[in-house]
Structure formats: C-alpha cells, structure tokens
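# Analysis of the macromolecular model
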Amino acid sequence: ELLRCFFAIHLSKAREPLIEGNTISGDPTVPDSERANGVHLWQCTGALINNNTITDHRDGIYFEFVTNSHINGNTSLRNERYGLHFMFSNNDTYARNLFQHNGAGVAVMYSKEVDMRHNRFLSNRGASAYGLLLKEINDVTIDSNHFADNTTAMLVDGCNRMEAMGNAFRSNGGAIRLFSNATACHFRANTFTGN
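Residues numbered from 1 in each chain as written. Predicted model: local features only at pLDDT ≥ 70, side-chain atom pairs only at ≥ 80, totals over all residues. Heavy atoms only, no water.

## A word on the sheet that holds strand S9 (residues 75-77)
Through backbone hydrogen bonds, the strands of a sheet pair up, either in parallel or in antiparallel fashion. Going by this rule: When DSSP finds at least two bridges between two strands, those strands are taken to pair. Each helix is a run of H or I in the DSSP string that is no shorter than four residues. Each strand is a run of E no shorter than two, and both are numbered from the N terminus. Helix axes are fitted to C-alpha atoms over the stretch in contact, other axes to C-alpha atoms as well, and angles between N-to-C directions run from 0 to 180 degrees.
Pairing is parallel in the open sheet, where 8 strands are placed in the order S3-S6-S9-S12-S15-S17-S19-S22. Both outer strands of the open sheet, strand S3 (23-25) and strand S22 (191-193), are each paired with one neighbouring strand and no more. Taken over all neighbouring pairs, the strand axes of this sheet differ in orientation by 5° on average, direction set aside. Examined bridge by bridge, strand S6 (residues 53-55) and S9 share 3 bridges and lie parallel to one another. Across the sheet, Thr-53 pairs through a bridge with Thr-75, a residue of S9.

## Some points on a nonpolar patch on the surface
Formally: Residues enter patches when they are more than 30% accessible in relative terms and free of salt bridges; like-charged ones are connected within 9 Å and nonpolar ones (Val, Leu, Ile, Met, Phe, Trp, Tyr) within 5 Å. Under the convention used here, a 1.4 Å probe and the Shrake-Rupley method define accessible areas, while residue burial counts only the protein chains that appear. Salt bridge criterion: a side-chain nitrogen from Lys or Arg within 4 Å of a carboxyl oxygen from Asp or Glu.
Judged by side-chain polarity, Phe-65, Phe-88 and Tyr-110 come together as a nonpolar surface patch covering roughly 260 Å² of accessible area. With respect to the helices and strands, the residue Tyr-110 is situated in the loop between strand S13 (104-109) and strand S14 (114-117).

## Some details on unusual backbone geometry
We note that Lys-13 has phi near 60°; this positive angle belongs to a residue other than glycine. Summarising the element assignment, Lys-13 is placed in the loop between strand S1 (9-12) and strand S2 (18-20).

## Focus on the nonpolar core
Counted only if it meets this: Residues enter a nonpolar core if they are buried and are Ala, Val, Leu, Ile, Met, Phe, Trp, Tyr or Cys, with the set joined through side-chain atoms within 4.5 Å. Buried, partly exposed and exposed residues are distinguished by accessible area as a fraction of the type maximum, computed with a 1.4 Å probe on protein chains only: under 20%, between the cut-offs, and over 50%, respectively. The contact criterion used is simple: two residues touch if any of their non-hydrogen atoms lie within 4.5 Å.
In terms of nonpolar packing, the biggest core is built from 41 residues, with Leu-41, Tyr-94, Val-108, Met-116, Leu-132, Leu-134 and Met-162 touching the most fellow members. Every element with two or more residues in this core is listed here: strand S4 (39-42), strand S7 (59-64), strand S10 (82-87), S13, S14, strand S16 (130-143) and strand S18 (152-165). No other element matches the 6 residues that S18 contributes to this core. Dropping the residues within four chain positions of it, Met-116 is found in contact with Tyr-94, Val-108, Leu-132, Leu-134, Val-140, Thr-141, Ile-142, Asp-143 and Asn-145. Tyr-82, Ala-104, Ala-107 and Tyr-130 belong to the second-largest nonpolar core, a separate cluster that totals 9 residues.

## Notes on the side chain of Ser-111
Short version of the rule: Any pair of nitrogen or oxygen atoms within 3.5 Å is treated as a polar contact; in protein, a donor-acceptor pairing is required on top of that, and neighbouring residues in sequence qualify only through side-chain atoms on both sides.
Position of Ser-111 among the secondary structure elements: in the loop between S13 and S14. One polar contact links the side chain of Ser-111 to the main-chain amide nitrogen of Phe-88, over a distance of 3.3 Å. Not counting the four nearest positions on each side in its chain, Ser-111 is found in contact with Phe-86, Met-87, Phe-88, Ser-89, Asn-90, Glu-136, Ile-137 and Asn-138.

Next up, the structure:
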C-alpha cells in the first residue's frame, strides 16, 4: 500500500517495468493544486500496469512518451482530473479497467495506435467531464466498452481512423460528441439507451 502520496510511483526512461497489485491513494484533504499523479510514466517502453487500485490523485495513471505498454484490470477512482491520461504515447493498450467518479474518465491526446477494450467508464461527471476524451489521435480501436452515467460518454475531437464497435452507451447526459475535424471514424454495432 502507498498511502497519502504526492507522486506514488514515478518512472522515467524505464524499460519493461511492472506495476502490479498495489493500492495507491493520495490525500483527499489537500487542495487540488497540491496533488500529483498516482502512477506517472515518462519516456518508458514495454510497461505493464496490472490490477492496481488508484484513488484521490490528480491523474490516476499518466503516460507521456510511453510506447508499447499495457494497462489491464485497474480501478481508478475519485481522481481530480483523469482516471487515465495519455500524452504523446503510441502503440499502447488498456483493457478491463474501471474508471469511476473521476473529473473525466480517460483522456487520450496527441497519440496513435491505442487499443481500448472492455473498460467501464462510470459516473465521471462535471461541467466538462467525459467518460472518454479523444483529442488529436490516429488509428485507434474502441471495442466492447461500457459507458454509463457520464456527463458526456465520448468526445471525439481531431480523431482520424477510429473503429468503435460493440460499445454500450447507457444513461449518459450525452452519448457522443463528434467534431467535424474527425475523419474516417466508423461506429458499428454499438448500443445507445437512455442518453
């Protein structure tokens, strides 16, 4: 257990690190400006982040310039900004994670070839909150995810060549906001109920 942390785990230029089975919590009593990220990776490759529970940080998991890495089976709750945040990170996957009660569930920004499958985006609510925010990304797959009770389930801004299939959008304020600068985005066999 890593309790009441500023940065709990911070890795720089690591190759094939494994972060698994940890309980990681920030301090919910401190101001937002005094919180850092639960798991923070910078210029890493081949990382595995599995089965952790991360709460009450700025971002639960943060990737910047991280490649060929995998995030599986984690729970990211009550983080001030994002449950998971990608910046300039390519050829990564995340699957079977829970993102709930965060400022926004997940943001994937300025990245390419990201695969997102079987995740749950639940109750990420606020004035500018999204279950999943996609900004300036290319060649992504969004498959069999569940979006429920988010302010907006998915925002697609500047996304090129996206395949979104088999996802469920239930009881969100809005299901999808698709901007006109998104091209070749294909939605197939998704379910929309009560948005």
